Amino acid sequence: MGKSPVFREISPTMPRQLSRLVQPMSQRWLSLDVFRGMTMAAMILVNNPGSWAYVLPPLRHAQWHGCTPTDLIFPFFLFIMGAALPLATRRRVNLGRILRRTLALIALGLLLNGFPAYDWERLRLLGVLQRIGLCYLGAMLILHHTRPWLRRSLMAIILLCYAFLLTAAPVPGVGIDPLTATGNWGAWLDRWLLGTQHLYPLAPFSGQGDPESLLGTLPATVTVLLGAESGGWLQRGGSPKTLAWGGLVLLGLGYGWQAVLPWNKPLWTSSYVLWSGGWAVLALAGLHQWIELWGRRGWCWPWLVFGRNAILLFVGAGLLGRSLRFYRVGEIPLVGL
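About the criteria used
Residues numbered from 1 in each chain as written. Predicted model: local features only at pLDDT ≥ 70, side-chain atom pairs only at ≥ 80, totals over all residues. Heavy atoms only, no water. Helix = DSSP H or I, 4+ residues; strand = E, 2+ residues; numbered from the N terminus. Buried < 20%, exposed > 50% of the residue type's maximum accessible area, 1.4 Å probe, protein only. Contact = heavy atoms within 4.5 Å. Areas by Shrake-Rupley, 256 points an atom, 1.4 Å probe, with all protein chains shown as cover. Core = buried A, V, L, I, M, F, W, Y, C linked by side-chain atoms within 4.5 Å. Polar contact = N/O pair within 3.5 Å; in protein donor to acceptor, adjacent residues only side chain to side chain. Phe/Tyr/Trp six-rings, centres within 6.5 Å; stacked < 30°, edge-to-face > 60°. Lys NZ or Arg CZ within 6 Å of the ring centre and 35° of its normal. Expected span 1.5 Å × (residues − 1).

## Describing the overall build of the protein
Secondary structure assignment for the protein yields twelve helices and zero strands. The order of helices and strands in the protein, counted from the N terminus, is α-α-α-α-α-α-α-α-α-α-α-α. Here the protein holds 337 residues, and 47% of them are scored as buried. By sequence separation, contacts in the protein at least 24 residues apart represent 72% of the contacts at least 6 residues apart. Carbon together with sulfur atoms contributes 66% to the accessible area of the protein, which is approximately 17,500 Å² in total.

## Some points on the nonpolar core
Counting residues in each nonpolar core, the largest one holds 63 residues, and the members touching the most others are L78 and I132. For this core, the element with the most residues is helix α3 (residues 73-88), which contributes eleven residues. Not counting the four nearest positions on each side in its chain, I132 is found in contact with F74, F77, L78, M81 and L105. Counting 13 residues, the second largest nonpolar core, distinct from the first, contains W64, Y162, A163 and L179.

## A short note on the side chain of D210
Here D210 is to be found in the loop between α7 (185-194) and α8 (217-235). What makes D210 buried here is its relative accessible area of 3%. Side-chain polar atoms of D210 contact the side chain of R124, separated by 2.7 Å. In this structure the side chain of D210 is engaged in a polar contact, spanning 3.1 Å, whose partner is the backbone nitrogen of Y200. Beyond its immediate stretch of four places on either side in the chain, D210 contacts R124, L126, D190, L199, Y200 and F205.

## Quick notes on the packing of aromatic side chains
All told, the structure shown has 13 aromatic pairs when counted by the stated rule. Taking the centre distance of 5.2 Å and the plane angle of 90 degrees together, the rings of W268 and Y272 count as edge-to-face. Residue classification places W268 among the buried residues on the basis of a relative accessible area of 0%. Here W290 and W294 contribute two aromatic rings whose centre-to-centre distance is 5.7 Å and whose plane-to-plane angle is 65 degrees, an arrangement assigned as edge-to-face. The exposure class assigned to W290 is partly exposed, which follows from its relative accessible area of 34%. In textbook terms, an aromatic cluster arises when at least three aromatic residues are bridged by ring pairs, as seen for Y255, W263, W275 and W279. R296 extends its terminal NZ or CZ atom over the ring of W290, reaching a point 4.8 Å from the ring centre.

## Details of unusual backbone geometry
Following F115, the chain continues into P116 via a peptide bond in cis, with omega recorded as 0 degrees. Mapped onto the elements of the fold, P116 is located in the loop between α4 (95-114) and α5 (128-145). Cis geometry is found at the peptide bond from A203 to P204, where omega equals 5 degrees. Along the chain, P204 falls in the loop between α7 and α8. Of note, the phi angle at S206 is positive, near 50 degrees, even though the residue is not glycine. Secondary-structure assignment places S206 in the loop between α7 and α8.

## A short note on the environment of A62
By the element assignment, A62 lies in the loop between α2 (30-47) and α3. Placed 203 residues apart in sequence, A62 and K265 show a C-alpha to C-alpha distance of 8.2 Å. In contact with A62, other than residues within four places in its own chain, are C67, T68 and D71.

## Remarks on α3
Its 16 residues place the ends of α3 22 Å apart at the C-alpha level, agreeing with the 22 Å of an ideal helix rising 1.5 Å per residue. Of all 16 residues in α3, 14 are buried, a share of seventy percent or more.

## Details of the environment of V224
Among the structural elements, V224 can be located in helix α8. Separated by 89 residues in sequence, V224 and C135 place their C-alpha atoms 7.0 Å apart. Setting aside residues up to four positions removed in sequence, V224 forms contacts with L78, M81, G82, L85, C135 and A139.

Here's what the structure looks like:
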């Protein structure tokens, strides 16, 4: 039997044992795995620069307001998770399985936060994986207990209400101190529920708030739902070009809104949801057109290694980075220079 067209395309540049990665999988898009792999590679790069004293500006987060390429990585990951949900949920929803996955992600997040000392009295309870788990739980419940019109209305209501809380609603004991690390409703809620000893200890929060706050999980869930809407559109046979126009609309809305409500990743502002979501939609539409419709797969396999092992790589990179802090290479005198 002759080789498949896909294998003939990739065999000159790819190890045979990895060729299976580019074969179509049931209820799975190659383009989505590639998108996830690119995002994971970028996440590992910016989280492990070697020395924080020598980092290129695009590989840094915005100091507070603003959005650099690095600030797009986390929302891209949440968007990709959402885009995969229409494919994964063709089967009957199992609430027990959803809860197990959520708890597993939260447990892995706590594993990373405490490693290696595990001071339970001061362990940070929130984090990236915890937010991913809670957003996954929220998005799954919304997707399977609301009709499309109600889901889309709920997304808009969340963004508008969250924007109001950030800018106009007085915080108990603080008053109106909008868009600061410790004076917003998310920081107040975290202090009230979790206590200051379990929040992000470094500046600008200093134990008085957290960049992955519980309240901020609501607009972050909207990012997941934007991914679900995009994935659902493509699953139903919608055109990637039309989807790209939708991404441009989101970019326009996000750009216009930031004049009043700045982009801010730690606060996950509503304008930031639209701005980052617009870029994610454009990226997915482009990759889907290039890989799924035009069949350009020969370059995909390095990204698939990252994309199909995303959580394992994230946790492994986090543990490795923390472990390396305990090892020092002695200075070697340079002779003859």
